[in-house]
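# A look at the structure
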Amino acid sequence: MFRLLEFIYAIRVFLVFVAIEIVCIWMLVRFNPYHGAAYFSTSSSIAGSVLSIQRGITEYFGLRKTNLELAEENAQLKAALYRAQQRSTKEIDTSIVFIQENKFDVKVARVINNNTSLANNFFTLNKGARQGVEVGMGVLSSKGVAGQIKSVTDHYATAISILNAKWSISAKVLRMDADGIIKWEDDTDPLHVSFTDVAKHHKVKVGDTVVTSGYKQVLFPKGIPIGIVSEVKDEGGSFWNIKVRLTTDFTAMDYVFITKNNLKVEQDSVEAEFTKEKVKP
Amino acid sequence: MNITDVLKQLIHGLIILLFQIVLFRTSTLFGVASCFIYVGFLIQLPFYISTIGLLCITFGYTLLIDIFYDSPGLHTAAAVFIMYIRASIFKWMTPSGGYDNKENTSIFTMGFQWHLIYAFILIFLHTSLVFAIEWLSIGTLWSSLLKIISTTLFTLLVVMLYQFLFLYKRSGR
């Protein structure tokens, strides 16, 4: 003990020096807005670039699969394009078609960090505010819904994944328009989610497709696939207990699409009056 | 160490502080070279103050300057660092006669060449640190390097001049 005190006494000058420097750095971060911002943005951009490098190394191992996915997606897009061309020649006289077509903007981004093992999972994208990404936009994978943008820095964005116990999305069964809410409840299983609030009188079967409903929240276009019903259980009460197998494989996400609803502000403002009235006693 | 010495240093410090915050705070030479004249006051502080005492004086004094510069911690961090390594530099630069009969480090007690090298090392470290910390948040590497070099030279020039003007009488006794 005495030796320890002796040692501390021997390096007292150094300790005083370190203490004063710590106070200085604390003041720098605390009181200088731009140093504080620099400290935090540097740390997050360093983290971001490390993740980018890591992604750059590991992407070669998945090139084959990526190629396959891209080809598949190309085919789908072409099909959709032909369908749209046919439709627009048929329904040229209805103005609604044009609104629907201009409603959503789509940007492509890459997933550079992804997690499926926690209870609240997030993933990081390589596009940020500079590329026009904003908080609140929806994220789709090539196979279905992926999540929603939660925070944005200059070059990176973080998104809440469906595999996050704190996030949910309104959905419906494609075959019969039975709607409910998709939630992730079993946090050990990154392949399945729960589909709750579906009333018993809808005859939901295993194998039905679950898609986005397009209302309640205006993040995604209507009819984007979420998953396939894999289990329907009756556990009493007036709602089914349904499990849905996700179409997006969250353990192997690579390219994703960020959707921006161009008419969201307009839709919010027209709905705002009614929501306000509801709140008033 | 007697009371007149302390008073002298106090007044000295106040005058330099005024110079720094009134004259040099707002003016830069060619837009890049600032002058941190207060470093000149710090590096001439007498030998007999212990290092802990030096660090405390430096902390208080530079914090005052930082408050006027509106950058709490920036100059203080750099100045405390150079005052901490000042002892090592003394050891490294010991002149042939040692420091026995010297009280402070002006050009008159230590010689022009010795003081030039000594002041250059400390001023260079100080400005490098200040602009390196600034560079972390704004600015580019090249503009920071330019600022470091020009500010070091300008400050060195002013500090040497001020040694001639202020400390002449005291060491000539």
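Residues numbered from 1 in each chain as written. Chains lettered and ligands numbered in written order. Predicted model: local features only at pLDDT ≥ 70, side-chain atom pairs only at ≥ 80, totals over all residues. Heavy atoms only, no water.

With that settled, the discussion passes to the overall build of chain B. In terms of helices and strands, chain B carries eight helices and zero strands. Reading the secondary structure of chain B in the N-to-C direction produces α-α-α-α-α-α-α-α. Long-range pairs, those at least 24 residues apart, make up 74% of the contacts in chain B with a sequence separation of at least 6. Taken as a whole, chain B presents about 8700 Å² of accessible surface, with 73% of it coming from carbon and sulfur. (Helix = DSSP H or I, 4+ residues; strand = E, 2+ residues; numbered from the N terminus. Contact = heavy atoms within 4.5 Å. Areas by Shrake-Rupley, 256 points an atom, 1.4 Å probe, with all protein chains shown as cover.)

Once that is clear, we can look at the pairing of strand β11 (residues 241–246) of chain A. All names here are of chain A. Burial along β11 is one-sided: the residues Ile 242, Val 244 and Leu 246 are buried and none of Asn 241, Lys 243 and Arg 245 is. Summarising the sheet, strand β8 (residues 192–196) and β11 pair through four bridges and their orientation is antiparallel. Residue Val 193 lies in a different strand from β11, and its bridge partner there is Val 244. Across six bridges, the pairing between strand β10 (residues 225–233) and β11 is antiparallel. From the neighbouring strand, Gly 227 faces β11, where its bridge partner is Leu 246. (Buried < 20%, exposed > 50% of the residue type's maximum accessible area, 1.4 Å probe, protein only. Pairing = 2+ DSSP bridges.)

Another aspect to go through is the confidence of the model for chain A. Residues and elements named next belong to chain A. On average, residues of chain A score 77 in pLDDT, and 80% of them are at 70 or above. No element of chain A has a lower mean pLDDT than helix α5 (residues 96–103), which averages 46, and none a higher one than β11, which averages 90. For residues 89–101, every residue scores under 50 in pLDDT, and the model assigns this stretch three contacts once sequence neighbours within four places are set aside. (pLDDT = per-residue confidence, 0-100.)

Here we take up the pairing of strand β4 (residues 145–152) of chain A. All names here are of chain A. In this structure, strand β3 (residues 138–141) lies alongside β4, joined through three bridges in antiparallel fashion. By the bridge assignment, Gly 138 is partnered in β4 with Gln 148. Two successive antiparallel strands, β3 and β4, enclose a turn made up of three residues. Sheet analysis places β4 next to strand β5 (residues 157–164), joined by five bridges and oriented antiparallel. Counterpart to Gly 147 in the pairing with β5 is Ser 161. Connecting β4 to the antiparallel partner β5 that follows it, the hairpin turn spans four residues.

Below, the discussion takes up the pattern of salt bridges. Residues and elements named next belong to chain A. If you walk through the whole model with that rule in mind, you get five salt bridges over all chains. A salt bridge links Lys 200 to Asp 234, with the shortest nitrogen-to-oxygen separation between them at 2.7 Å. A residue pair is termed long-range when its members are at least 10 positions apart, and Lys 200 in the loop between β8 and β9 (209–212) and Asp 234 in the loop between β10 and β11 qualify at 34 residues. When the shortest N-O distance is used, the salt bridge between Lys 233 and Glu 231 registers 3.5 Å. (Salt bridge = Lys/Arg side-chain N within 4 Å of Asp/Glu carboxyl O.)

Turning to the nonpolar core, a few remarks are in order. Taken as a class, soluble globular proteins show a tendency for nonpolar side chains to be buried jointly. Formed by 47 residues in total, the largest nonpolar core has its most connected members in Ile 16, Tyr 38, Val 39, Phe 41, Leu 42, Tyr 61 and Tyr 118 of chain B. For this core, the secondary structure elements donating two or more residues are α2 (12–31) of chain A together with α1 (3–24), α2 (38–43), α3 (51–69), α4 (74–92), α6 (112–137) and α7 (141–166) of chain B. With ten residues, α4 of chain B is the single largest residue contributor to this core. Look past the residues within four positions of Phe 41 of chain B in its chain and what remains in contact with it is Gln 9, His 12, Gly 13, Ile 16, Tyr 61 and Tyr 162 of chain B. Grouped together as the second largest cluster of nonpolar side chains are 42 residues, Leu 125, Ile 162, Ile 169 and Trp 240 of chain A included. (Core = buried A, V, L, I, M, F, W, Y, C linked by side-chain atoms within 4.5 Å.)

Once that is clear, we can look at the sheet that holds β11 of chain A. Residue and element names in this part refer to chain A. Pairing is antiparallel around the closed barrel formed by six strands, whose spatial order is β6-β7-β8-β11-β10-β9. On average, each strand axis in the sheet is inclined to that of its neighbour by 40 degrees, with strand direction left out of account. Taken together, the six bridges between strand β6 (residues 168–173) and strand β7 (residues 178–183) define a ladder with antiparallel strand orientation. From the neighbouring strand, Ser 170 faces β7, where its bridge partner is Ile 181. (Axes fitted to C-alpha atoms, helices over the stretch in contact; angles between N-to-C directions.)

Okay, unusual backbone geometry next. All names here are of chain A. The backbone of Asp 177 shows a phi angle near 60 degrees, a positive value even though the residue is not glycine. Take Asp 177: it is sitting in the loop between β6 and β7. For Asp 177, a relative accessible area of 48% translates into the label partly exposed.

The next thing to look at is the packing of aromatic side chains. Across all of its chains, the model carries eleven aromatic pairs over all chains by this definition. On the numbers, 6.4 Å between centres and 45 degrees between planes, the contact of Phe 14 of chain A with Phe 17 of chain A is tilted. Residue Phe 14 of chain A and its partner Phe 17 of chain A are located together in helix α2, separated by three residues, close to a single helical turn. Between Phe 14 of chain A and Tyr 84 of chain B, the ring centres sit 6.1 Å apart and the planes meet at 55 degrees, which makes this aromatic pair tilted. Placement of Phe 14 of chain A in helix α2 and of Tyr 84 of chain B in helix α4 is noted, with the two residues assigned to different chains. By the ring-pair criterion, three or more aromatic residues cluster together here, those being Phe 14 and Phe 17 of chain A together with Phe 81 and Tyr 84 of chain B. Taking NZ or CZ as reference, Arg 12 of chain A lies 4.2 Å from the ring centre of Tyr 9 of chain A, over its face. Just above the ring of Trp 240 of chain A sits the side chain of Lys 200 of chain A; from NZ or CZ to the centre is 5.7 Å. (Phe/Tyr/Trp six-rings, centres within 6.5 Å; stacked < 30°, edge-to-face > 60°. Lys NZ or Arg CZ within 6 Å of the ring centre and 35° of its normal.)

This brings us to the interface of chain B and chain A. Each partner contributes residues to the interface: chain B has 19 residues there, and chain A has 17 residues. When chain B packs against chain A, close to 1600 Å² is buried across both sides, 80% of that on carbon and sulfur atoms. At the junction of chain B with chain A, the criterion picks out zero salt bridges. Seen at the junction of chain B and chain A, the total is one residue pair in polar contact (both at pLDDT 80 or more). With six residues, the top contributor of residues to the side of chain B that touches chain A is α4 of chain B. Tallied by class, the residues present in the side of chain B that touches chain A amount to 13 nonpolar, five polar and one charged. (Buried area = accessible area lost by both parts, 1.4 Å probe. Polar contact = N/O pair within 3.5 Å; in protein donor to acceptor, adjacent residues only side chain to side chain. Nonpolar A, V, L, I, M, F, W, Y, C, P; charged D, E, K, R; others polar.)

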